[in-house]
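Below, each chain spelled out in residue letters.
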Amino acid sequence: MRPTVEVSIRGSTATAGHYFTWSPVDCTARVTDPDGAVDPVAITVRNRTHTAGAPLTFRAAAAEAPADQLPLLLDVAGAPTSFQIVPVFQSASEENHSAGIVVDVAGEVDASVEISAMVRIRPDADTMTTAQRDRYLTAFAALNDGGAGRFQDFRDMHLDSTSDEAHGNAGFLPWHRAYLLDLERELQAIDPSVTLPYWRFDRPAPNLFSPHFIGQSTGTSQPELAPSNPLATWVTDGIPGIQRRTTGWNDQKESAPGLPTFPVRTEAETLALGSVFQQFWVMEGSPHGAAHISFVGSINSIDSAARDPLFFMLHCNVDRLWAKWQWLNRRYDGGDSATYHPDGAFGAVRVGHKRGDTMWPWNAVTGWPRPPTAPRTPLAPSPVTAAPGDYPTVGAMIDYQGQLSPDNWCGFDYDDVPFEPEPGGTDGP
Amino acid sequence: MDLDDYRRQLEADVGAAAPPAGDLADAMATLADRSGPVADRVEAARLVNMRAHERPDTFGLLVDILGDGGDATDVRLAALDGIEVHQFGSSALKEQRAELTVALKRAMEADDPDLRERAIDMLARGRDVDVQRQLIDGLRDRTAAITTPQRSVELLGYDLKADHYDVLKDVVAGHEDAETRREALRLLAADAESEALIETVVRDKDEEAAVRDTGAAALQAVAPEQFEVVAYDIVADDNDYDEIKASVLTKLTQQGSTTSIPAEAAAQLDTIQNERADGEPLKEAARRHIEQQDN
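Residues numbered from 1 in each chain as written. Chains lettered and ligands numbered in written order. Predicted model: local features only at pLDDT ≥ 70, side-chain atom pairs only at ≥ 80, totals over all residues. Heavy atoms only, no water.

Draft legend 1. Molecular detail of the interface of chain A and chain B. Contacts between chain A and chain B engage 64 residues on the former and 51 residues on the latter. Taken together, the two surfaces of chain A and chain B that pack against each other cover about 4600 Å², and 58% of this comes from carbon and sulfur. For the interface between chain A and chain B, the tally reads four salt bridges. With a closest N to O distance of 2.6 Å, aspartate 164 of chain A and lysine 94 of chain B form a salt bridge. Summed over the shared surface of chain A and chain B, the result is 21 residue pairs in polar contact (both at pLDDT 80 or more). In terms of residues, the side of chain A that touches chain B owes the most to one element, helix H6 (residues 285-292) of chain A, which gives six residues. (Contact = heavy atoms within 4.5 Å. Buried area = accessible area lost by both parts, 1.4 Å probe. Salt bridge = Lys/Arg side-chain N within 4 Å of Asp/Glu carboxyl O. Polar contact = N/O pair within 3.5 Å; in protein donor to acceptor, adjacent residues only side chain to side chain. Helix = DSSP H or I, 4+ residues; strand = E, 2+ residues; numbered from the N terminus.)

In structure tokens, the structure reads:
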């Protein structure tokens, strides 16, 4: 006599393909075949062995403290019982399927409910494992496909002629958040274990600026790449290679300096700009612009920056800083003027930068004042969440963790930015 | 990790990183005062640059100083710092584009090489046709050069046009500096009409290995199918060098070849596999290529 149990994670009973961030994950368990058992059926939900993976914790309700295992009593007639999986902050998975859940039924592991998952978190590029790095580079090179791949769409979205959609106004941060998410989802369609890494430009990053990763500056126009590096076949605009060298600083020992009278702000200096969005948004100048200008090459102008793969890691760090600022100041409600510019504030807010505006190019709107063409529409879908939608608005990028509504969860997180429930929020997706 | 502790630590770090103190209006006045000490004005520029977003008129001041040939070089460089960074975003600076172009062209006439080079770079990035013309003239006539040949080629790469390809072909065909030729080869990959010239470089055993390698990357970008033909010819050639053979094999493997390995190249790959020592780059490249083909 051994009942059969089914676990559903975010509505899916699949035993693989689950990707978590730091947000708690809503789940249910139910008896599908009582096999003569009497009510209630006692089960225990717990971690699969995770020596190389991310530990998970469990709780019956949001108000409870999570634990390594969770005893539950299930209705023998099959009514579902809710519980939550709570990933452990700063314990991300390094490999796909390296996190997992098992269910003990009647004192034995129920093999049919062994579920593999990944706590998929954007990492600091300089701390990635060799395997993580190589998967990322392989996926990125595949998306580029020697210049013939879909990466060209991303390059064509970030030009002087499209600059007003993404720069110089309040939507700078939301637009680039959507841009990165779109790219990340394309990479995950190639390899679902990949996330975008970020370049902490206020710290030395010798592992990133290596011939085996993003290339080491040599003093010539191009960084040194190992022949086996997938980026060795990088092509944009029909031109092979990556054009980048430092402005003289040592990328093996130093952080990006910016310029003598316009240095790159550190993380603390950036977060110290102020607790109101209008104060924080000036980070578009420094650290953002100052980090760009720390190089000679494609990355030092809006028109050509997207030709360099480093550009996406630079912007991932800009987005991480915004995410960290949001957590520090609890800024997730886009309707709050401290979280985002209220419409009509800050001079003339251009179309595409107001909270309720859809963003180009995903909205496919072309013609003045938008650019004449839209290289990508809609935004790439995700198998784990419907947010931020095919045609995201500026406001849809703000509550990316789903603090205010589970429907807002965009499915990404950073290794040093926790999920912490908003007072009065939903406690995650 | 205790999130309360984590938050407290971050709050302490942020609290210790207060924004620079100082009055923006005072700093602008100090920066604008041509009679003031240079060090004071540069220090004022630091504050003005970091807070320029607060007052759109700061950009007019920065542009004025940059374009003032009589002002101190260090102050002009500081003004250029602010302009370069705020190019990433400032709509107020965009509105001064015409004045900025004039100021940058004045900076090109400065004695200071750093100021000159940065002004040239910024104009080239902005697709300034006068600067493009000067770069081309400098490549054709060394006495007219406004920067080094390699840098000239790089800067033309910000905005490739049909007439740029002509000078780039001349550089590949006749320039003495290998790095400059490599830069030109890379850019010619965007020009279908340069395929034959690039192929000639790749096949030329008298060329430097690095130049052939760059040419191979360019040929693969401009004509992937022809690159495969050339690459397998190189592999099959008993008299060609290991370095270029390993390079083209790696490129074929990474990009994926569309044809099966020709018989002569296949025979050479077998020979390499059988006769070369483990760990030799050519043997490793051959092994990886055969594995990829088998898959």
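Past the structure itself, the notes keep going.
Draft legend 2. Structural context of empty space enclosed by the protein. Residues and elements named next belong to chain A. According to the stated counting rule, one finds three cavities of 30 Å³ or more in the structure shown. Quantified by volume, the largest cavity comes out at close to 100 Å³. Elements with a contribution of two residues or more to the lining of the largest cavity: strand E10 (115-119) and helix H1 (130-144). For the lining of the largest cavity, the element with the highest residue contribution is H1, accounting for three residues. (1 Å grid on protein atoms, 1.4 Å probe; cavity = no way out; pocket = protein on both sides within 12 Å on 5 of 7 lines; lining within 4 Å. Points joined across faces, edges and corners; volume = space filled by probe spheres on them.)

Draft legend 3. Geometry of the side chain of histidine 341 of chain A. On the secondary structure map, histidine 341 of chain A appears in the segment after helix H7 (310-329). A distance of 3.5 Å separates a polar atom in the side chain of histidine 341 of chain A from a polar atom in the side chain of glutamine 278 of chain A.

Draft legend 4. Up close: the layout of surface pockets. Approximately 1000 Å³ is the volume found for the largest pocket. Contributing to the lining of the largest pocket are 39 residues, with Leu225 and Pro227 of chain A together with Arg182, Asp213 and Lys251 of chain B lying nearest its centre. Among the secondary structure elements, those contributing two or more residues to the lining of the largest pocket are helix H12 (178-188), helix H14 (209-222), helix H16 (242-255) and helix H18 (281-294) of chain B. Looking at which element gives the most residues to the lining of the largest pocket, the answer is H16 of chain B, with eight residues. Grouping the amino acids of the lining of the largest pocket by side-chain chemistry returns 16 nonpolar, 11 polar and 12 charged. (Nonpolar A, V, L, I, M, F, W, Y, C, P; charged D, E, K, R; others polar.)

Draft legend 5. Quick peek at the sheet that holds strand E5 (residues 56-59) of chain A. Residue and element names in this part refer to chain A. Judged by pairing direction, the sheet is antiparallel, and its four strands sit side by side in the order E1-E3-E7-E5 without closing on themselves. Each end of this open sheet is capped by a strand with a single partner; those strands are strand E1 (4-9) and E5. Averaged over all pairs of adjacent strands, the angle between strand axes in this sheet comes to 35 degrees, irrespective of strand direction. (Pairing = 2+ DSSP bridges. Axes fitted to C-alpha atoms, helices over the stretch in contact; angles between N-to-C directions.)

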